[in-house]
Structures are given as C-alpha cells and as structure tokens.
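Residue-level listing of the chains:
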Amino acid sequence: MSFYNETLLDHSAHPLHKGEIADADIVFAAKNASCGDSIKVFLKTSGNTITDASFTGIGCAVSQASADIMLDSIIGKELDEAKDICKTFLSYWESGKDAEKIGEARAFADIRLMPARTKCVTTVWHSFISHQNA
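Every value quoted in this text rests on a predicted model; they were computed, and no experiment measured them.

Caption draft 1: Fine view of the pattern of salt bridges. Under the defined criterion, the tally for this structure stands at 3 salt bridges. Lys44 is the salt-bridge partner of Asp23, the closest N and O atoms lying 3.3 Å from each other. Separated by 21 residues along the polypeptide, Asp23 in the loop between helix 1 (6-13) and strand 1 (26-32) and Lys44 in strand 2 (residues 37-46) bring together distant segments of the chain. Among the residues examined, Asp23 registers a relative accessible area of 46% and is labelled partly exposed. Residue Lys44 is classed as partly exposed on the basis of its relative accessible area of 23%. The partner of Asp98 in a salt bridge is Lys101, and the shortest N-O contact between them spans 3.9 Å. For Asp98, a relative accessible area of 39% gives the class partly exposed. Overall, the relative accessible area of 55% leaves Lys101 in the exposed class. Overlapping salt bridges bring together Asp23, Asp25 and Lys44 as one network.

Conventions we followed
Residues numbered from 1 in each chain as written. Predicted model: local features only at pLDDT ≥ 70, side-chain atom pairs only at ≥ 80, totals over all residues. Heavy atoms only, no water. Salt bridge = Lys/Arg side-chain N within 4 Å of Asp/Glu carboxyl O. Helix = DSSP H or I, 4+ residues; strand = E, 2+ residues; numbered from the N terminus. Buried < 20%, exposed > 50% of the residue type's maximum accessible area, 1.4 Å probe, protein only.

What follows is the structure, encoded as structure tokens:
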C-alpha cells in the first residue's frame, strides 16, 4: 500500500499556494520540531473573509502537501468558518469518522495509520486554530 497517493504527491510537488504574500494581514508559523518542518503561513483578508493564502518553508512532502491542502480549504471562508474546517479535520484525524466532511484532505487517510507522521500532517492545522484563539 502506498501512503503517498496522487493528491498528496501533486500538492507536494506542485503546491498551489507556495510563496509569500507581501501585504498579508495575518502571518503565523507552524513548526514540527520532531521532524524539522517549518512553515510560515500568510493570509490576506477582506473584512472577516480569507481572500488569499500562501505558505513558505521547508519540510517533508507530507507537511508541504498538508499546508497546501489546508489553505485550499480555507480560502474564501470567513475566519471562524476556516477555524471550524481545521477543527473538523483534526477531529477526523483523531477519530477517523466523518471523512466526507474534509474534502480533499482525505488524501491523508492512509497516513493516519502512521503515528510517526501525525505532526507532519496536523501541525499547520493546529497552528491555524492556535493563532485564531490568540
């Protein structure tokens, strides 16, 4: 079984949202010290809506794909809705339930079976929620 499916590999090799937004309204970091992943997230907002998002940084294919897929799922959403999307994904990650609610993030389903890779997937999602709670 390959844990690295086509969706994950595509988002890793050809991320849609990699790069810096110079005039971002919100910037936060996501770091996974156990693996060396270091991601910086940039959000552009209009009112309470995320109009654009990007990330920079280094890390494994899984962490890079996770950041790209997360940003894909929150662009165009209000900040509270984006936070709920991240919470839904993390709830799925813990339980394996409600996979239909997480859209393209289902690409990580097989990686759930690899506990050592949990932080590679979830760090950026947790960081978004933590930043919104600050």
